[in-house]
Amino acid sequence: MKPCTRSLLLLLALLGTQFGISASAQEVVKIGQIEALTGTLATYGWMSNQGAKLAVDEINNAGGFKIGPKTYKLELIAPDTRANPQDALIQLKDLLENQKVKYVFGPFLTNVFNGIEPYATQNDGKFLLMGGATSMHAALGKPSHEYLLRTWNWDSGASGFGKLMVDYLKSQGAKKVAMLFQNDAFGKVAVDIYTPLFKADGIDLQVELFEPGTKDFSAPLAKLAAAKPDFLFPGYVDAVLYDIVRQATETGQFKRFFLVRGSMGPGLKNKDEIDDYIAYLPKYFEQAEKTEPKVQKFISAYKAFYKRDFPYDQAPLCSSSCYDHVYMLVEAMKRAGTVDDVAKVKKELMSFTYPGIWNIRYDSTGEAVFGFDVVHMKKGGVITTTHIEPK
């Protein structure tokens, strides 16, 4: 070998060591996330982003993960959709076409998924989209939708949390329920889902829809209260639930509430005026922290990473496209022996139960199944929790 050649090779080796450009250090798997991080609907994106960031940081700080001789680290690219379908479409195109991302978490919002679905379908087989949007349910199993996995459990069906929640409400003696939801894509879907569920349990359902941006709910509350229902079923984000619950209790029109979306916050804020506040929570972290070591570890890690208090009210939404799902995706890639073959990775994702903060599995359609808590608050703030594991 000529002296000049040896010198060049030595220089390249030194530079590689100095600047960390070895093959193993170069291996990065990009993960995209398209959620609303700001705005009134950020409730359903903010916590997923918080959890995903934490998981990526933990995995990278632990040295990444190995597949064969290669070691990989993760890079999370998470633009803010602001709940705008047009923004989300632009962001998804950038993720797939420019960033070459093969794995995308989100969206949780139905209007956002509806806006990106045509473009996503054109790219079937090139990536995986793992989100909690309600409208994803109907798309599962359709032609050209192999890219899709739904990371939140479904309301209806034998394992549906909504069905099990309505069963619980029936056990509390409910015979009439008044439903007050926002007049938008999810609100209309929710009416279609829950109307037959209440009917199947012999519970009369009265429905009113309010326009987005409504602050004064006196008219629909009065109309619903006239029929003397046993429970008010309001939805679906805390931004409106606080107003609805406060106005309903101040007027004395409703003192019993039933929720399948939203937090315990509106109930706790009005605990002395409420007789019953029954809520579906993927996990009641205040209770789980006392008994579940993985939850304790997650809460401690969150506080240390973000250097702030743990958001107990938002944490249940980490059940969709969040902390556990990053770890589950990494485990599936390891089992598949690839980070590039999305079909193999999807097959592995659907083959096992991931034992994280939740025990998560996918059914044969690609929809997540996991346990949840029925949290029942009585007057004064006395809370009981019933954990349900779907079959």
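Structure: see above.
Each chain carries its own residue numbering, running from 1 in the direction its sequence is written. Only residues with pLDDT of at least 70 are given local features in this predicted model, and only at 80 or more are side-chain atom pairs given and counted; all residues enter the totals for whole chains, interfaces and linings. With hydrogens and water excluded, all non-hydrogen atoms of the structure serve as input to the side-chain values.

Caption draft 1: The overall build of the chain, seen in detail. Working definition: helices are DSSP H or I runs of at least four residues, strands are E runs of at least two. Numbering for both runs from the N terminus. Along the backbone of the chain there are 15 helices and 16 strands. The globule rule puts the C-alpha radius of gyration for 391 residues at 21 Å, and the 23 Å found for the chain is close to it. Oriented by its inertia axes, the alpha-carbon framework of the chain measures out at about 95 × 45 × 40 Å. When accessible area is computed with a 1.4 Å probe and restricted to protein chains, residues below 20% of their type maximum are described as buried, those above 50% as exposed, and intermediate ones as partly exposed. Counting only residues that meet the buried cut, the chain has 53% of its 391 residues in that class. Of the contacts formed within the chain by residues at least 6 apart in sequence, a portion of 67% connects residues at least 24 apart. Each accessible area value is a Shrake-Rupley result obtained with a 1.4 Å probe; residue values ignore everything except the protein chains displayed when judging cover. By element, 54% of the accessible surface of the chain is carried by carbon and sulfur atoms, the whole surface being about 16,900 Å². Charge counting follows a simple rule: Lys and Arg are positive, Asp and Glu are negative, and His as well as the terminal groups are ignored. The atom standing in for a charge is NZ when the residue is Lys, CZ when it is Arg, CG when it is Asp and CD when it is Glu. For the chain, the centre of its 45 positive side-chain charges and the centre of its 43 negative side-chain charges are spaced 4 Å apart. What the globule rule says is 2.2 Å times the number of residues to the power 0.38, and the radius of gyration is computed from C-alpha atoms. By the convention used here, residues are in contact when the closest approach between their heavy atoms is within 4.5 Å.

Caption draft 2: Molecular detail of the sheet that holds strand 14 (residues 368-369). Think of it this way: DSSP has to see at least two bridges between two strands before they count as a pair. Taken in spatial order, the 3 strands line up as 12-13-14 in an open sheet, and their pairing is antiparallel. Every other strand in the sheet has two partners, leaving strand 12 (354-355) and strand 14 as the edge strands with one partner each. Judged from the 2 bridges that link them, strand 13 (residues 359-362) and strand 14 form a sheet pairing that is antiparallel. Considered in strand 14, the bridge of R361 is made with V369. With respect to the sheet, helix 14 (residues 323-336) is in contact with strand 12 and strand 13, its orientation differing from that of strand 13 by roughly 60°. Structural elements are reduced to axes, namely lines fitted to C-alpha atoms, with helices fitted over the stretch in contact, and the angle between N-to-C directions of any two is expressed from 0 to 180 degrees.

Caption draft 3: Up close: the side chain of N60. Assignment of secondary structure puts N60 in helix 3 (residues 43-61). Accessibility expressed as a relative area gives 16% for N60, which makes it buried. Discounting chain neighbours no more than four positions away, the residues touching N60 are K73 and L74.

Caption draft 4: The arrangement of helix 8 (residues 185-200) in detail. Each residue after the first adds 1.5 Å to the expected span of a helix. When the terminal C-alpha atoms of helix 8 are compared, their 24 Å separation across 16 residues agrees well with the 22 Å that a helix rising 1.5 Å per residue should span. Turning to helix 8, its buried residues number three or more, namely F186, G187, A190, V191, I193, Y194, L197 and F198. At the C-terminal side of helix 8, G202 shows a positive phi close to 70°.

Caption draft 5: Molecular detail of the pattern of salt bridges. Here a salt bridge means any side-chain nitrogen of Lys or Arg lying within 4 Å of a carboxyl oxygen belonging to Asp or Glu. This structure, assessed with the given rule, holds 14 salt bridges. With a shortest N-O distance of 2.4 Å, D87 and R82 are connected by a salt bridge. For R82, a relative accessible area of 54% translates into the label exposed. Here K378 and D276 are joined by a salt bridge, their closest N and O atoms 2.8 Å apart. Taken together, the residues K378 in strand 15 (residues 372-378) and D276 in strand 11 (residues 276-281) connect sequence positions 102 residues apart. Taken together, the salt bridges that share partners define one network made up of D243, R246 and E250.

Caption draft 6: Highlighting unusual backbone geometry. Residue P107 is bonded to the preceding G106 through a cis peptide linkage, with omega at -5°. You can see P107 is positioned in the loop between strand 4 (103-105) and helix 5 (110-122). Of note, S144 is a non-glycine position whose phi angle comes to about 65°, a positive value. With respect to the helices and strands, S144 occurs in the loop between helix 6 (136-139) and strand 6 (148-150). Residue S144 is classed as partly exposed on the basis of its relative accessible area, which comes to 39%. In this model, K307 sits at a positive phi of 55°, which is unusual for a non-glycine residue. Along the chain, K307 turns up in the loop between helix 13 (293-306) and helix 14.

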